Amino acid sequence: MSFFKNLRAGLAKTRDGLVSSLKKAVQKDNNEDLRETLEEVLIMGDVGVHAADRIIESIAGREGDRWELLQQEMLAILGGGNGAEPYTAELRGKPHVILLVGTNGSGKTTTAGKLAAKYAAQGKRVILAAGDTYRAAAIEQLAVWAKRADVEVISQERGSDAASVAYDALTAAIARGADLLIVDTAGRLQNRSNLMEELAKIRRVLKKHGEEYPHETFLVLDATIGQNALSQAKLFHEAVALDGLIVTKLDGTAKGGMILAVRQEVDLPVRYVGVGEGIDDLMPFAPEDFVKALLD
Amino acid sequence: MFEEISSKLDAAFKKLRGRGKLNEKDVTAGLREIRLALLEADVHFKVVKEFLANVKERAVGQEVLDSISPGQQLVKIVNDELVKLLGGQRAPIRLASQPPTVVLLAGLQGSGKTTFAAKLAQRYIKRDKRVHLVAGDIYRPAAADQLEQLAKQIGASITRGEEGELPDSIAARAIKKAAGDLQDLVIVDTAGRLHVDEDLMKEIERVHAVAKPDETLLVVDGMTGQDAVNVATSFQERIAIDGFVLTKMDGDARGGAALSIRHVTGKPIKFVGTGEGVDALEDFHPDRMANRILGMGDVVGLVEKAAQSVDMEKAAHLADRMRRQQFTLDDFADQLSQLKKMGPLDQIMGMIPGAAKMPKGMKVDDKAMGRTEAIISSMTPLERSEPVILNGSRRKRIARGSGTSVQEVNQLLKQFDMIKKMMKKMGGKRGKKGRMTPRFQ
Ligand SMILES: Nc1nc2c(ncn2[C@@H]2O[C@H](COP(=O)(O)OP(=O)(O)O)[C@@H](O)[C@H]2O)c(=O)[nH]1
Ligand SMILES: [Mg+2]
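These numbers come from a predicted model, not from an experiment.

Participant: Quick question: what am I supposed to make of the overall build of chain B here?
Facilitator: A count of helical and extended segments in chain B gives 19 helices and eight strands. Expressed as a percentage of its 441 residues, the buried residues of chain B come to 42%. When contacts within chain B are restricted to residue pairs at least 6 apart in sequence, long-range pairs at least 24 apart make up 76% of them.

Participant: Is there a simple way to explain the packing of helix 6 (residues 108–121) of chain A against helix 7 (residues 138–149) of chain A in this structure?
Facilitator: Each pair of packed helices can be described by the angle between their axes along with the distance between the axes. Residue and element names in this part refer to chain A. Relative orientation of the contacting elements helix 6 and helix 7 amounts to 20°, with a least axis distance of 9 Å. The orientation of helix 6 relative to helix 7 falls into the category roughly parallel. In the packing of helix 6 onto helix 7, the handedness of the crossing is right-handed. Each of Thr109, Ala112, Gly113, Ala116, Ala117 and Ala120 in helix 6 lies in contact with helix 7, whose residues at this interface are Ala138, Gln141, Leu142, Trp145, Ala146, Arg148 and Ala149. When grouped by side-chain class, the residues that make up the contact of helix 6 with helix 7 number nine nonpolar, three polar and one charged.

Participant: Just checking my understanding: could you explain the sheet that holds strand 1 (residues 101–107) of chain B for this structure?
Facilitator: What holds strands together in a sheet is hydrogen bonding between their backbones, with the strands either parallel or antiparallel. Residue and element names in this part refer to chain B. One open sheet accounts for eight strands, arranged 3-2-4-1-5-6-7-8; its pairing is mixed. Looking at which strands have only one partner, the edges of the open sheet turn out to be strand 3 (157–160) and strand 8 (281–283). Adjacent strand axes in the sheet meet at a mean angle of 25° when their direction is disregarded. Strand direction decides the pairing type here: strand 7 (residues 269–273) and strand 8, joined by three bridges, are antiparallel. Bridge pairing in strand 8 links Gly273 to Leu281. Docked against the sheet, helix 5 (residues 113–126) engages strand 1, strand 2 (131–136), strand 4 (185–190), strand 5 (215–221), strand 6 (243–247), strand 7 and strand 8, running at close to 170° with respect to strand 4.

Participant: Where do I start with the environment of Ile125 of chain B in this structure?
Facilitator: Residues and elements named next belong to chain B. In this structure, Ile125 sits in helix 5. With 29 residues separating them along the chain, Ile125 and Ile154 place their C-alpha atoms 7.8 Å apart. Sequence-distant contacts of Ile125, defined by excluding residues within four places in its chain, comprise Val131, Ile154, Gly155 and Ala156.

Participant: So what exactly am I meant to see when it comes to the site of ligand 1 here?
Facilitator: In the vicinity of ligand 1 lie 23 residues, with Gly107, Thr109, Thr110 and Gly274 of chain A together with Gln109 of chain B positioned nearest. Taken together, the residues near ligand 1 originate from chains A and B. For the shell around ligand 1, the leading source of residues is helix 6 of chain A, giving three residues. Class assignment for the residues of the shell around ligand 1 results in three nonpolar, 14 polar and six charged.

Participant: Where do I start with the confidence of the model for chain B in this structure?
Facilitator: Detail in the predicted coordinates should be disregarded across regions flagged by low pLDDT. All names here are of chain B. Here chain B shows a mean pLDDT of 82. Residues at 70 or above account for 75%. Scored below 50 in pLDDT, residues 350–364 shows 31 contacts in the model against residues more than four places distant or in partner chains. We note a pTM of 0.80 for the whole complex and an ipTM of 0.92 for its interfaces.

Participant: Explain the interface of chain B and chain A here, please?
Facilitator: In many analyses, interface size is given as the accessible surface area lost on bringing the parts together. Counting residues at the interface gives 32 residues for chain B and 35 residues for chain A. At the level of elements, helix 2 (24–40) and helix 6 (143–154) of chain B are the ones that each hand at least two residues to the side of chain B that touches chain A. Top contributing element to the side of chain B that touches chain A by residue count: helix 6 of chain B, with four residues. Here the side of chain B that touches chain A is composed, by residue class, of 12 nonpolar, 11 polar and nine charged.

Participant: Sorry, what's going on with the pairing of strand 5 of chain B here?
Facilitator: One face of the sheet, then the other: side chains in a regular strand alternate in exactly this way. All names here are of chain B. Among the seven residues that make up strand 5, seven are buried, leaving the element largely enclosed by the rest of the structure. A two-sided burial pattern is seen for strand 5, the buried positions comprising Glu215, Leu217, Val219 and Asp221 on one face and Thr216, Leu218 and Val220 on the other. Sheet topology note: the strand 1/strand 5 ladder contains five bridges and is parallel. Following the sheet pairing, Gly107 is matched in strand 5 by Val219.

Participant: Which parts of the structure should I look at to understand the confidence of the model for chain A?
Facilitator: Looking at chain A, the pLDDT average stands at 90 and 93% of residues meet or exceed 70. Predicted confidence is poor over residues 1–13 of chain A, with pLDDT under 50, and the contacts of this stretch with residues over four places away or in other chains come to 20 contacts.

Participant: Can you walk me through the pairing of strand 3 of chain B in this structure?
Facilitator: All names here are of chain B. Relative to strand 3, strand 2 runs parallel, the two sharing four bridges. In the strand pairing of strand 3, Leu133 is matched with Ile158. In the classification by handedness, the crossover that spans strand 2, the intervening helix 6 and the parallel strand 3 is right-handed.

Conventions we followed
- Residues numbered from 1 in each chain as written.
- Chains lettered and ligands numbered in written order.
- Predicted model: local features only at pLDDT ≥ 70, side-chain atom pairs only at ≥ 80, totals over all residues.
- Helix = DSSP H or I, 4+ residues; strand = E, 2+ residues; numbered from the N terminus.
- Buried ≥ 20, exposed ≤ 12 C-beta atoms within 10 Å, placed from the backbone.
- Contact = placed C-beta atoms within 7 Å.
- Axes fitted to C-alpha atoms, helices over the stretch in contact; angles between N-to-C directions.
- Parallel < 35°, antiparallel > 145°, perpendicular 65-115°, else oblique.
- Left-handed = near helix turned anticlockwise from the far one by under 90°.
- Nonpolar A, V, L, I, M, F, W, Y, C, P; charged D, E, K, R; others polar.
- Pairing = 2+ DSSP bridges.
- Near = placed C-beta within 6 Å.
- pLDDT = per-residue confidence, 0-100.
- Right-handed = clockwise from strand over helix to strand, strands pointing away.

Given below as C-alpha cells:
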C-alpha cells in the first residue's frame, strides 16, 4: 500500500499548496476554481490536456462529494474495459510466453528479471530469452538478472536475429517443459517502422509454434515520460497487439499520469508497476493507490 | 499529432484575419491554441503560464506587417520568444586550458548517459583527439561491459572499477591515469539515479568533487514529461550543471522538456541525441527545437525563404498552368529546381504544416529528387509535354539515359499523375486565385 510514499516525499513544494487549494475548491462547489486547480494538478501529473478536460467535465456539473466523484471517475478510467477483470497473473500455457517491448531504457530488461524472480519464487520453471541482440552488453545484463533470479537464460551472440533467438528459446522452453518464457527485446522508438516490423516478426515466429504464443505482450513504459506515452501505446499496439502496460520508475517523483491519457485512447490495462531497481521492486498495479498518489 | 496541432493553430489564426494592430482579444484567442500545443508537447504547466504572459505582453498592440496575416505575425512572435528562451547561441563543450578536459555525465536511469558518452567520445576521436572513458556505473548489471564494448568500437581507452571500488575512486584514478597518458578528453559515465535518492545524490556529489569536471552535463530523455523540472532543479542543486543533453529525439516526442529545463535552470541545451548509433549526435538548434515544440513546422522560415528564393514570375506562371491543368513534366522539373533553391528537401518538408499528410510515395528525399531530375532531363521535349506517348521502349531508353531503372521511371510517372490529380482537386477548392500555400494563413 505504501509504494508511492517516495512519490509524495520528493514532490516540488508548489504541488503541496496546489493540492490543498484543490481540496478547498472541491468542497466549495465553485466550478471555476475547481476547473482551474484541477487542471493544474492533473497536467502537472502528466495526465495531459485532453484527458484532464474529460475528467474535469465529468465531475464539474455533478452533484455529490466531488472528491469522491473525482476519484471514482479516475478509477473508472483505469479499471474500465479490459481492466475490469482483476489480473490473476496466471500462467495459461506450458510454457506461458511473455513478450516485453518498449522504448530504449524504459526498463524492459529489469522488468524481465523481476518477473522471472517473481514466478521462480512460486516454484515455476522460468526461462529468459535475450532478444536484445542490438545494444552493447544487453545480453550480459539479462544474464546477470537470470543469475539473480536463479533461472535459465537463452541467448545467441550480439548482432544475431532477434526473431531467431525468440524462436529457438521457445523451442527449448517447450522441450524442457518450462512454465514460463520471458522474451526481452531491444529498445526501439515507435516511429521507426522498420524496427517495429522487426518486433512484429518476433511475434510471427513465436506463432509458428502455435497461435497462442505469446500469451501476453506488455509495453514497458517509463513513468517519467509525458504525452509521448500515447504515441507509444498506439504504435506498439498496432505492431504487436499489446495485452497490457507495465509502468516503471514510479519510485521517483513522476506521477505516471500519462497512463490516464493512454487509457482514454487505447484500452490497455496496467498490470504491474516498477518501484525500484531491486529484484522485488515490482508490484501488481493498484488503481486506488495510483489515484491517491496522483491527487496528493 | 504534429498535424493535429498545426491544423488547430491554422484554425485559430483564421479568426485573426483583420488588419492593423494585434488586439488583446485576438492575441488571447490565438495564444489559447499555442498553450494547448505547448502543454501537449510536455512543457511544464508553470513554464507555459509564464511564457504566454510574456508573449502576450509583447504581442498586444504590435502593428501587423502588410505582407503577412495577423496569425502569421503572432506565430512569429511566439517563435522568436521560444528561440530566445531556448538559448540563442550554440553552446559548445568548454575545453580545459590544461588537458585533459573532464566531462561528467549525470541523469536518471535509462536516460541515455552511456550511449551519449560513446557519441561524445566518437565526435572528438574523429577530430583526432584522444578520449578516455570512465565506467562509473557500478550498479546496473553489465553497465561497465556496455561502455567497454562501445569504447572498443570507437577506439577510446577505458577505466573500469575494481571489485567493490566506489565511483569517486574510479573517477579519480582514471583522471590521473588519463593525464599521464596525455589524453585530451575524459568522459565520466555514472549510474542512473533518481533525484530523490539521497544516497545516490550524495554519491554523485562526491564524484563531482573529486573529478572537478570542466563540464557537467545532465542527460535527459527527450520524452520526459512534467517531472523534467523537478529532475533538473534537483540535480542542479547538488552538482553545478553546465548544460543538458536531450536524447531520443529521433522519436516523435515534441520535446517540451527542453523548454522547461532551459527556463528553470537557465543552462543551455548542448547536444541532441538522434539515434542509437555512435554517430547520431547533433548540436542543439534552438530554432529547430522551437518548431518542433510548437508542432507546426517553421511557418515563418518558410515564408521568408519562399519570398527570397522563388522566382515570383515563374511561380505565377506555374500557378496559372496548374489552374488550367496544363501542368507538364517540364513544369514539374521546374518546380523541383525551385524547391532545391530553398534548401534540403527534408528541411522544406519539415517547414510545411501537414507535409506529413502527403501520400507515401511522394515523400521524396534529396537523392530521389536528383534521380527525378535526371529522368526528366532524359526525355525529349515532346515526351515531357505529352507523357502519354511514353511506351515501354521509350521508358527503357529514358532509364538507360538517366542511369535509373524502368521501375523508377514508372514510379515517377505515377507520382506525376498523382500530383496532377491533387492539383485538380486543389484547383477546384481554392478557386480562381489558385494559391498554393494558404494552409497557414
Ligand atoms: N528507479 C528505478 N529504476 C528502474 C526501474 N526499472 C528499471 N530501472 C532502471 O532503468 C535503467 C534502464 O533499465 P533497463 O532494464 O536496462 O531498460 P531497457 O533498455 O528497457 O531494457 C536501468 O538503470 C534500470 O536499473 C524502476 O522501476 N525504478
Ligand atoms: Mg534492455
